[in-house]
There are 2 protein chains.
Amino acid sequence: MSLQVVEAIGFVAALLTTLCWLPQAFKILRERQTAGISLPTQIAFTSGVACWLVYGIALGSPSVTIANAVTLMTSGAILALKLRYG
Amino acid sequence: MSLQVVEAIGFVAALLTTLCWLPQAFKILRERQTAGISLPTQIAFTSGVACWLVYGIALGSPSVTIANAVTLMTSGAILALKLRYG
């Protein structure tokens, strides 16, 4: 595989795993229902993304930093909605 | 921050964002209820993780490969359960 193809796959991967949380956040805002979402999962995922953000900043990696900053916002919003709607 | 501290944060980040899906999968297996989980989110996330796995293999990165292989199993299981329970 050429390096361009590999980097294109990485870019698609980053887009998908970053933006995928938007439909979940909008679904909760629409339905106000979070009973099916696991609180331990949401706490661990949001904490993990926060660690990735610190890691990206410490390493000076713009891609790790930006991707995780965006994910932290949506994941944090989903966690806040889970805590609110239970 | 020393490189050891930075890498320790990266390791904790990888553990959290990899293993966090287990409680969600077990919750669904217990409750057989997935109405609150967004199907577009689960499809996009699982596809994104599959792309990260291909990226890790193509780059020859063991950490990217292993983390995403584990996540693909739990995320794929959550997607399959979502498709089953609706």
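Residues numbered from 1 in each chain as written. Chains lettered and ligands numbered in written order. Predicted model: local features only at pLDDT ≥ 70, side-chain atom pairs only at ≥ 80, totals over all residues. Heavy atoms only, no water.

Chemist: Would you mind going over the packing of aromatic side chains with me for this structure?
Modeler: The description of an aromatic ring pair uses the distance of the two centres, along with the angle that the planes make with each other. In this structure the tally under the stated criterion is 7 aromatic pairs over all chains. Note on A:F45 and B:W21: the rings are 5.0 Å apart at their centroids and 50 degrees apart in plane angle, and the pair reads as tilted. Separated into two different chains, A:F45 in helix 3 (residues 39-59) and B:W21 in helix 2 (residues 21-31) make up a pair that spans both. You can call B:W21 buried: its relative accessible area is 5%. Taking 5.6 Å as the distance between ring centres and 80 degrees as the angle between the ring planes, the aromatic pair formed by A:W52 and A:Y55 counts as edge-to-face. With a gap of 3 residues between them, A:W52 and A:Y55 both fall in helix 3, about one helical turn apart. Cluster of aromatic residues (ring-pair linked, three or more members): A:W21, A:F45, B:W21 and B:F45. (Phe/Tyr/Trp six-rings, centres within 6.5 Å; stacked < 30°, edge-to-face > 60°. Helix = DSSP H or I, 4+ residues; strand = E, 2+ residues; numbered from the N terminus. Buried < 20%, exposed > 50% of the residue type's maximum accessible area, 1.4 Å probe, protein only.)

Chemist: I keep staring at helix 3 (residues 39-59) of chain B and nothing clicks. Help me out?
Modeler: In this model helix 3 of chain B runs 30 Å from its N-terminal to its C-terminal C-alpha over 21 residues, within 8% of the 30 Å that 1.5 Å per residue would give. When helix 3 of chain B is considered as a whole, its buried residues turn out to be B:T41, B:Q42, B:A44, B:F45, B:T46, B:G48, B:V49, B:C51, B:L53, B:Y55 and B:G56. Against the buried residues of helix 3 of chain B lie helix 1 (3-19) and helix 2 (21-31) of chain A together with helix 2 and helix 4 (62-85) of chain B. B:G60 sits one or two positions beyond helix 3 of chain B and adopts a positive phi of about 70 degrees. (Expected span 1.5 Å × (residues − 1). Contact = heavy atoms within 4.5 Å.)

Chemist: Explanation requested: the interface of chain B and chain A in the structure shown.
Modeler: When the parts come together, some accessible area is lost, and that loss is often what is quoted as the size of the interface. Listed as interface residues are 34 residues of chain B and, on the opposing side, 34 residues of chain A. Taken over both partners, the interface formed by chain B and chain A buries close to 3000 Å², and the fraction arising from carbon and sulfur atoms is 75%. Considering only the surface of chain B that becomes buried against chain A, B:G36, B:T41 and B:Y55 emerge as the three largest contributors, covering 16% of it. Counting across the interface, chain B meets chain A through 0 salt bridges. Connecting chain B to chain A are 14 residue pairs in polar contact (both at pLDDT 80 or more). At the level of elements, helix 1 (3-19), helix 2 and helix 3 of chain B are the ones that each hand at least two residues to the side of chain B that touches chain A. Broken down by element, the side of chain B that touches chain A gets its largest block of residues, 13 residues, from helix 3 of chain B. For the side of chain B that touches chain A, the residue count by class is 23 nonpolar, 8 polar and 3 charged. (Buried area = accessible area lost by both parts, 1.4 Å probe. Salt bridge = Lys/Arg side-chain N within 4 Å of Asp/Glu carboxyl O. Polar contact = N/O pair within 3.5 Å; in protein donor to acceptor, adjacent residues only side chain to side chain. Nonpolar A, V, L, I, M, F, W, Y, C, P; charged D, E, K, R; others polar.)

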